[in-house]
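Structural features, examined
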Number of protein chains: 2
Amino acid sequence: MWQATEDVLEAVAIGAGILGTGGGGNPYIGRLRARQAMRRWGPVSVMAPEEVPEDARVICVGGIGAPTVGIEKVRDLQSYHALRAIEEFTGEEATALISNEIGGSNSVEVMIAAAKAGLPIVDADGMGRAFPEFQMKTFFVYGVPFCPMAIADEKGNSIIIRETITPAWAERLARAATIQMGCVACYAVAPMSAEQVRTTAVPNTLTLARDLGNAVMQAHDTGDDPLQAILGTCPGRILFSGKVVDLDRRTTGGFARGTLAIDGLDDFARQRMVIDFQNENLIARVDGEIVCTVPDLICAVTTDGGEPVTTELMRYGLRVTILGFPAPALWTTPQGLHESGPRHFGYDTDYIPLQVAAD
Amino acid sequence: MWQATEDVLEAVAIGAGILGTGGGGNPYIGRLRARQAMRRWGPVSVMAPEEVPEDARVICVGGIGAPTVGIEKVRDLQSYHALRAIEEFTGEEATALISNEIGGSNSVEVMIAAAKAGLPIVDADGMGRAFPEFQMKTFFVYGVPFCPMAIADEKGNSIIIRETITPAWAERLARAATIQMGCVACYAVAPMSAEQVRTTAVPNTLTLARDLGNAVMQAHDTGDDPLQAILGTCPGRILFSGKVVDLDRRTTGGFARGTLAIDGLDDFARQRMVIDFQNENLIARVDGEIVCTVPDLICAVTTDGGEPVTTELMRYGLRVTILGFPAPALWTTPQGLHESGPRHFGYDTDYIPLQVAAD
């Protein structure tokens, strides 16, 4: 058990920004909101998955929508309202909360609800990264019911998705409501047991986000290479490095979708990487050849600072380095890939695991 | 108290088709579905509003969507599923049901849920006609809460709209879910008291629909003029008569929207009526001059048979007569007109009550 105080938020924001693979919501705004919540209601206790009491009822909360809108439309206490709505619907009170996805501002959205409710959070999440669609959670892949869920906006509107025939239908109805609510909302899912958390969540991801952020900040202080600091904390590799030369980004269907082109510099001179994204980076090609796909992590960071560049902040001229990290093991099983692999996103290609050299 | 048996369905379908002002769902398909339900589960008892027991819990059920889709996508037991969903959510069991709108198939949608659930229905509804949007109900105009409501589709998906800041937000979220569900769904609203039913519902409208239908059928048998039979049952007047010469109808935003042009015949020769509709007929102009607007009823019937022509069945070449009926009194108060008058639908004109000559 450790305390998430105001002091860890900067590190978490950097680490979660990297793990967000472009999405998950703007980490800086998330950090400001979490800081405000902690100043008002105090710090949040963080439990390791193995510390979750046997009789715990753990509610997953998080944001849904387009990150391009999330930087303009602040979320207030939506995640707390969604929590209370699902508690009322199920008649069960949460004893702990868990993040939907560690990536981006969703790493701290859970802290805002937890601070307000006075509940601990679990050091784990449903992705170990960020994914664009509601049903893309390891919880649901491994048998946790995806309904009922509550969705709330900042205005005072809330709905319950009571029952759907498939997880994709839950996403479809949730997305439609989110679009009406202004393209950003928060949700909460019916409680999980301690056993479900331990067997279906991606563990220790808040610690990983914090450690990644600390590594970057420490490199800034010591003058070390922040990219190597990142790769020393989380095994992965540099996929590409260069300058953003094209960006086609549209907010459509409740997502930020588009394509990003980077012209290589230094080792990558005279090559071009193109990345397709749907909130998150889905597939990266160099000169037409696939080099990395979901569920592996395709992460853009600034080349000089190692700081994450999320989808909504990406822009022409930025010097970025694209890092690749292997997906959490829960995503690379056949059932995991069914929900998160390139074919799920409409690409006619199999998942080829990213090769990372052993130290 | 009377029994709605299979035998009354034909008359109800005709009368509700007329009162539907173009919308409310296809009456013929509604009739077939209600017949099937009655054959399976028996007839439905109909209570006058004054017969509703003091401790009654009355749940409003109905369909939502575009009638153009409703003739292709059958509803199954959606209204029953929505009923059970709202009962579960509120923890209250219905002791009677009430129709959302008497117009079109919604006059009998309530019978399907009632037959399956073994419940009586109230001889009343929330409109005394049909209107396109969820919040357009006399119940809500006069203080009945518009939330929570349940929406269910035929596939097994259901949501609860738990709380919204305005009735229009309930409509907005309900419409978005309905579009995802395939543009036709059914809903049920939290229970009303007997007092609420008696003070906010439009009374005796099922009886009116039945009597209108019987008048038309009797005129067919006796060779009398069916149009005069209609006007003899429900005071109103002939607004126009002619041939449909143009129809611009699109299914958009969860509604059937468009415009209908009729070239006059006989007394109306050399004149043209144009009607705008959003599921229901909203405003009728003759040679550019407004002759009738919502909330008054603008009803298209076949000129030779007096049978209703609903929005989804309207077509080029039909000989139709347009009848006008004054709106139920609950709609013509300032608060009623606020929800149902021409300005609500975007027309820059005040409501001018239809003048009907006294007998």
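About the cut-offs
Residues numbered from 1 in each chain as written. Chains lettered and ligands numbered in written order. Predicted model: local features only at pLDDT ≥ 70, side-chain atom pairs only at ≥ 80, totals over all residues. Heavy atoms only, no water. Least-squares fit on C-alpha atoms with pLDDT ≥ 70 in both. Contact = heavy atoms within 4.5 Å. Pairing = 2+ DSSP bridges. Helix = DSSP H or I, 4+ residues; strand = E, 2+ residues; numbered from the N terminus. Axes fitted to C-alpha atoms, helices over the stretch in contact; angles between N-to-C directions. Buried area = accessible area lost by both parts, 1.4 Å probe. Salt bridge = Lys/Arg side-chain N within 4 Å of Asp/Glu carboxyl O. Polar contact = N/O pair within 3.5 Å; in protein donor to acceptor, adjacent residues only side chain to side chain. Nonpolar A, V, L, I, M, F, W, Y, C, P; charged D, E, K, R; others polar. Buried < 20%, exposed > 50% of the residue type's maximum accessible area, 1.4 Å probe, protein only.

1. A short note on the relation of the copies chain B and chain A
Superposing chain B onto chain A requires a rotation of 180° together with a translation of 0.0 Å along the rotation axis, leaving an RMSD of 0.0 Å. Expressed as a symmetry operation, the mapping of one chain copy onto the other fits a two-fold axis. In terms of proximity to the rotation axis, the leading residue of chain B is B:Ile160, whose C-alpha is 2.4 Å off the axis. The residues that chain B uses at the interface reappear at the interface of chain A in 100% of cases, marking a shared surface.

2. Focus on the sheet that holds strand E16 (residues 319–325) of chain A
Residues and elements named next belong to chain A. Ordered in space as E14-E13-E12-E11-E10-E16-E15, the seven strands form an open sheet in which the pairing is antiparallel. Strand pairing shows two members of the sheet lacking a second neighbour, strand E14 (289–293) and strand E15 (297–302), which therefore form its edges. Sheet twist, expressed as the mean angle between neighbouring strand axes with direction ignored, is 35°. In terms of strand pairing, strand E10 (residues 237–252) meets strand E11 (residues 255–264) through 10 bridges, oriented antiparallel. Residue pairing for E11: Thr 252 is matched across the bridge by Phe 255. Of the strands in this sheet, E10, E15 and E16 touch helix H10 (residues 226–233), which is tilted by about 15° from E16.

3. Details of the interface of chain B and chain A
A common way to state how big an interface is: give the accessible area lost once the parts meet. Contacts between the two partners involve 21 residues from chain B, matched on the other side by 21 residues from chain A. Approximately 2,100 Å² of surface area, both sides summed, lies buried where chain B meets chain A, with 56% of it carried by carbon and sulfur atoms. It is B:Asn157, B:Arg162 and B:Gln180 in chain B that bury the most area against chain A; as a group they hold 28% of the surface buried on that side. Here A:Glu88 ties to B:Arg162 by a salt bridge, and the two come within 3.3 Å at their closest N and O atoms. Scanning the region where chain B abuts chain A turns up 11 residue pairs in polar contact (both at pLDDT 80 or more). Elements with a minimum of two residues in the side of chain B that touches chain A: helix H4 (78–90), strand E7 (158–163) and helix H7 (167–180) of chain B. The class makeup of the residues in the side of chain B that touches chain A is 11 nonpolar, five polar and five charged. Across five bridges, strand E7 (residues 158–163) of chain A lies against E7(B) in antiparallel orientation.

4. Description of the environment of A:Leu297
All names here are of chain A. With respect to the element layout, Leu 297 can be found in strand E15. With a relative accessible area of 3%, Leu 297 lands in the buried category. Counting along the chain gives 61 residues from Leu 297 to Gly 236, while the straight-line C-alpha distance between them is 9.1 Å. Leave out the neighbours within four places in its chain, and Leu 297 touches Leu 19, Thr 21, Gly 128, Arg 129, Cys 292, Leu 323, Gly 324, Phe 325, Pro 326, Ala 327 and Pro 328.

The values reported here are purely geometric and, on their own, carry no functional implication.
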